[in-house]
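What follows is the residue order along each chain.
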Amino acid sequence: NYRFVVNYYGGSGNDLVLQWADTIAAGWGANDQGQLGAATGREPWLSPTKIAGVGKDRGVTLFATSAGYLHSLALDSDGVVSTWGSNLFGALGTGDGVSHAAPAAVDASGVLAGKRVVAIAAGGFHSLALGSDGTVVAWGYNNFGQLGNGTTTTSGVPVAVDVSGALAGKTVVEIAAGQYHSLALCSDGTLVTWGLNGAGALGDGTTTNRPVPVAVDLSGATSPVASIAAGGNQSFALLQDGSLLAWGFNDHGQLGDGTTTTRLSPVLVTVAGPLTDRKVTGIAAGYAHTVVLLNDGTLAAWGINDRGQLGDGMNGDRLVPVTVSAGALAGKTVVSAAAGKDYTLALCADGTLAAWGANAEGELGQGGGGDSNLPVAVLPGSLGVGARFSGVTSSFASSQHVLATVALPESSAPSALQIKSSPVPVTLADWRLAHFSTAENAGDAADLADPDHDGVTNLMEYAFNLDPKKSDLGSLPVVQARDGELVIEFTAPETVTGILYGASTATGPAGPWQALPDEGVAPLHRFHIPMDRTHGFMRLEIGTAP
């Protein structure tokens, strides 16, 4: 069971949207500038790990995260914007001029005073925030006018985006940040842009940089704009009729119009392949590749594919859309997608994540390994059994880190609002009876049996509250590299009783194995070894109490 809250500011700003309440932030991938919110260590995180200091840690709901080049943003339900990572060019907006390895509040004493932030967007070195009043503020790097305040002066604190020109009398309902440009969708379906325009990313028919918002040329639109997305040097507008406009840099076919011709004004994406009989309902723009969500819950992609970021099992560029449906996405319904520099992620309706493309910094959340040109399941890592992904964002620029919002089950997130009773422990015998209609340790119900053939024995399934009749190998705790150590860390489910949790280590896969001390405080278990040798091995051990 998961508690929900109602967020008024979803969608167009006039919708009531249910969101999971007990949310935390998680991150993985590159961490060289503290962009994953770790107070110590700069090694990559190879699988999802909690980022402390936002959402549930503050006693509120985490609504959204956004990943820039070397910095990160989070928006909580009380309107507070937190930021961490590199503060180069004032990208954090804290006003103190220093980088933060743990979440710090964006300066709200100036143009944000009295405003309630309802959406965030991180660009290369700049950031945007949308207020509930339909106005936009920005901070960070401004050499190309990407802050939209009429200057090219970098700002370490939020400044107001100019409303004297194309935004005069407009109410903004959605924002997007490219590498050095910005977009805003207005409530009347019009679209404005500002910032770098050397490759036509602003869509006004010119290559002139704009320090104040200008209107996008929508003369080719077949219906009003419904949503927007920004990539490295290109932009997209999803129309209400399900068609898609694209403009800007097109060196790898990332605009999807069947060419590699840069476009200074919007053109329609080619309706071919998987787009022939489907409509687009969502967009994710990477540095030079594009992924769209279709109305049947599947994905299509096009653009650069040198690292397998299109997920079609190939490694060649695609100028028109191809289907993404194999691997870990087989049989899944996708609800949103995120595109990084050279990798892609998909959030599925069952709360799982799939990823594909480059994995040099652990972007795929696999605990290691190489690139993949087919979708693979993101492992839950130390987030624990029952954690479900509820949102994911990624950096489209030159960095490689991923941020996600994660919902926790009600049993592991007690609060004053919780009205359900605590979970009742279930004995191993009762668990066997519930799943196999027998309490005996025999046949398919035996502790060492594996009736679903996922490599997880029944005793392990019980110990981690898994389903013995459904493949869920990816839900087990995994070994992680963290701060110079190999670590296994997890929280034992409240419904489990009579299980002994342990771990051991060896210098080779054949042993001999030596037991490790448990440094956690129940129900948290933590085992670790230093990474001070050529190679080392750890294994998780489960047993029943005498």
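Please read all numbers here as calculations on a predicted model, not as lab measurements.

Participant: How would you sum up the packing of aromatic side chains? Please name residues and give values.
Facilitator: A complete count under the given rule lists 13 aromatic pairs for this structure. Plain terms: the ring middles of phenylalanine 125 and tyrosine 141 are 6.2 Å apart, the flat faces sit at 80° to each other, and that makes the pair edge-to-face. With phenylalanine 125 in the loop between β9 (117-122) and β10 (126-131) and tyrosine 141 in the loop between β11 (136-140) and β12 (155-160), this pair connects stretches of sequence that are 16 residues apart. For the pair formed by phenylalanine 125 and tyrosine 141, the shared burial category is buried. Each residue in the set Tyr69, Phe89, Phe125, Tyr141, Phe144 and Tyr180 is aromatic and connected to the rest through ring pairs, giving one cluster.

Participant: Break down the pattern of salt bridges for me, with residues and values.
Facilitator: Side chains carrying opposite charge are able to pair once their charged atoms draw close together. A full pass over the atoms with the stated rule returns 19 salt bridges. The salt bridge partner of arginine 278 is aspartate 296, with a shortest N-O separation of 2.5 Å. One end of the pair, arginine 278, is in the loop between β20 (263-268) and β21 (280-285); the other, aspartate 296, is in the loop between β22 (289-294) and β23 (299-303), and 18 residues separate them in sequence. A residue is classified by how much of its surface remains accessible, and arginine 278, at 30% relative accessible area, is partly exposed. Its relative accessible area of 38% is what places aspartate 296 among the partly exposed residues. Arginine 318 is paired through a salt bridge with aspartate 312; the nearest N and O atoms lie 2.9 Å apart. Taking the relative accessible area as the measure of exposure, arginine 318 reaches 26% and is therefore partly exposed. Taken together, the salt bridges that share partners define one network made up of Arg307, Lys341, Asp342 and Asp371.

Participant: Describe in detail the environment of leucine 62, supporting the description with residues and values.
Facilitator: Here leucine 62 lies in strand β5 (residues 62-67). Along the primary structure leucine 62 and glutamine 19 are separated by 43 residues, whereas in three dimensions their C-alpha atoms are 9.2 Å apart. Setting aside chain neighbours within four positions, we find leucine 62 in contact with Thr23, Ile24, Ala25, Val54, Gly55, Ala74, Leu75, Asp76 and Thr405.

Participant: Any chance you could break down the sheet that holds β12 for me, citing the residues and the numbers?
Facilitator: Taken in spatial order, the 4 strands make up an open sheet running β9-β10-β11-β12, and their pairing is antiparallel. The sheet is open, and its two edges are formed by β9 and β12, each paired on a single side. With strand direction ignored, the average angle separating the axes of adjacent strands in the sheet is 20°. Relative to β10, β9 runs antiparallel, the two sharing 5 bridges.

Participant: A description of empty space enclosed by the protein should follow, citing residues and the corresponding values.
Facilitator: Evaluated as defined, the whole model comprises 3 cavities of 30 Å³ or more. Considered as a void within the structure, the largest cavity measures approximately 50 Å³ in volume. What lines the largest cavity is simply Pro380, Gly381, Gly384, Val385, Phe464, Ser475, Leu476, Pro477, Glu489, Phe490 and Thr491.

Participant: Tell me about the side chain of arginine 432, residues and numbers included.
Facilitator: Mapped onto the elements of the fold, arginine 432 is located in helix α1 (residues 428-436). You can call arginine 432 buried: its relative accessible area is 8%. Among all residues touching arginine 432, those that are not within four sequence positions of it are Ser437, Thr438, Ala439, Glu440, Asn441, Ala445 and Asp447.

Participant: Lay out the sheet that holds strand β19 (residues 244-248) with the relevant residues and their values.
Facilitator: Here 4 strands make up an open sheet; going across it, the order is β17-β18-β19-β20 and the pairing antiparallel. Strand pairing shows two members of the sheet lacking a second neighbour, β17 (225-230) and β20, which therefore form its edges. Sheet twist, expressed as the mean angle between neighbouring strand axes with direction ignored, is 15°. One ladder, built from 5 bridges, connects strand β18 (residues 234-239) with β19; its direction is antiparallel. The partner of alanine 237 across the bridge, within β19, is leucine 245.

Participant: So what about the side chain of threonine 49? Which residues, and what values?
Facilitator: Structurally, threonine 49 is set in strand β4 (residues 45-51). Only 3.1 Å separates the side chain of threonine 49 from the backbone oxygen of serine 47, close enough to count as a polar contact. Contacts of threonine 49, omitting those with residues within four sequence positions, involve Ala25, Ala26, Gly27, Ser382, Leu383, Gln480 and Arg482.

Participant: Tell me what's going on with α1, and back it up with residues and numbers.
Facilitator: For α1, the set of buried residues is Leu428, Trp431, Arg432 and Phe436. Viewed along the axis of α1, the buried residues span an arc of 100°, placing them on a single side of the element. Tucked into the core, α1 has its buried residues touching α2 (458-463) and β36 (537-544). Among the residues trailing α1, serine 437 stands out with phi positive, at a value near 60°.

Participant: Explain the confidence of the model for the protein residue by residue, including any values.
Facilitator: Taken as a whole, the protein shows an average pLDDT of 89; of its residues, 94% reach a score of 70 or greater. A low-confidence stretch, residues 411-422 stays under pLDDT 50, and its non-local contacts, those more than four residues away or across chains, total 15 contacts.

Participant: Outline the nonpolar core, supporting the account with residue identities and numerical values.
Facilitator: Counting 30 residues, the largest nonpolar core has Trp28, Leu345, Phe389 and Val392 as its most contacted members. Aside from chain neighbours lying at most four places away, what touches phenylalanine 389 is Trp20, Trp28, Pro48, Leu347, Gly351, Thr352, Leu353, Val378, Leu383, Ala404, Thr405 and Val406. Ranked by size, the runner-up nonpolar core spans 25 residues in total, among them Ala492, Ile499, Ile529 and Ile542.

Participant: Summarise a nonpolar patch on the surface; cite the residues concerned and give the values.
Facilitator: A surface patch of nonpolar side chains, amounting to about 460 Å² of accessible area, comprises Phe4, Val6, Leu16 and Leu18. Contributions of two or more residues to the nonpolar patch are made by β1 (4-10) and β2 (15-20). Considering the arrangement of structural elements, one finds leucine 16 in strand β2.

Participant: Could you give me a rundown of the environment of glycine 351, with the residues and numbers involved?
Facilitator: Along the chain, glycine 351 falls in the loop between β26 (343-348) and β27 (353-357). Note on glycine 351: relative accessible area 5%, which makes it buried. Residues glycine 351 and proline 546, 195 residues apart in the sequence, show an inter-C-alpha distance of 37 Å.

Thresholds applied
Residues numbered from 1 in each chain as written. Predicted model: local features only at pLDDT ≥ 70, side-chain atom pairs only at ≥ 80, totals over all residues. Heavy atoms only, no water. Phe/Tyr/Trp six-rings, centres within 6.5 Å; stacked < 30°, edge-to-face > 60°. Helix = DSSP H or I, 4+ residues; strand = E, 2+ residues; numbered from the N terminus. Buried < 20%, exposed > 50% of the residue type's maximum accessible area, 1.4 Å probe, protein only. Salt bridge = Lys/Arg side-chain N within 4 Å of Asp/Glu carboxyl O. Contact = heavy atoms within 4.5 Å. Pairing = 2+ DSSP bridges. Axes fitted to C-alpha atoms, helices over the stretch in contact; angles between N-to-C directions. 1 Å grid on protein atoms, 1.4 Å probe; cavity = no way out; pocket = protein on both sides within 12 Å on 5 of 7 lines; lining within 4 Å. Points joined across faces, edges and corners; volume = space filled by probe spheres on them. Polar contact = N/O pair within 3.5 Å; in protein donor to acceptor, adjacent residues only side chain to side chain. Arc of directions from axis to C-beta. pLDDT = per-residue confidence, 0-100. Core = buried A, V, L, I, M, F, W, Y, C linked by side-chain atoms within 4.5 Å. Patch = residues over 30% accessible without salt bridge, like charges linked within 9 Å, V, L, I, M, F, W, Y side chains within 5 Å. Areas by Shrake-Rupley, 256 points an atom, 1.4 Å probe, with all protein chains shown as cover.

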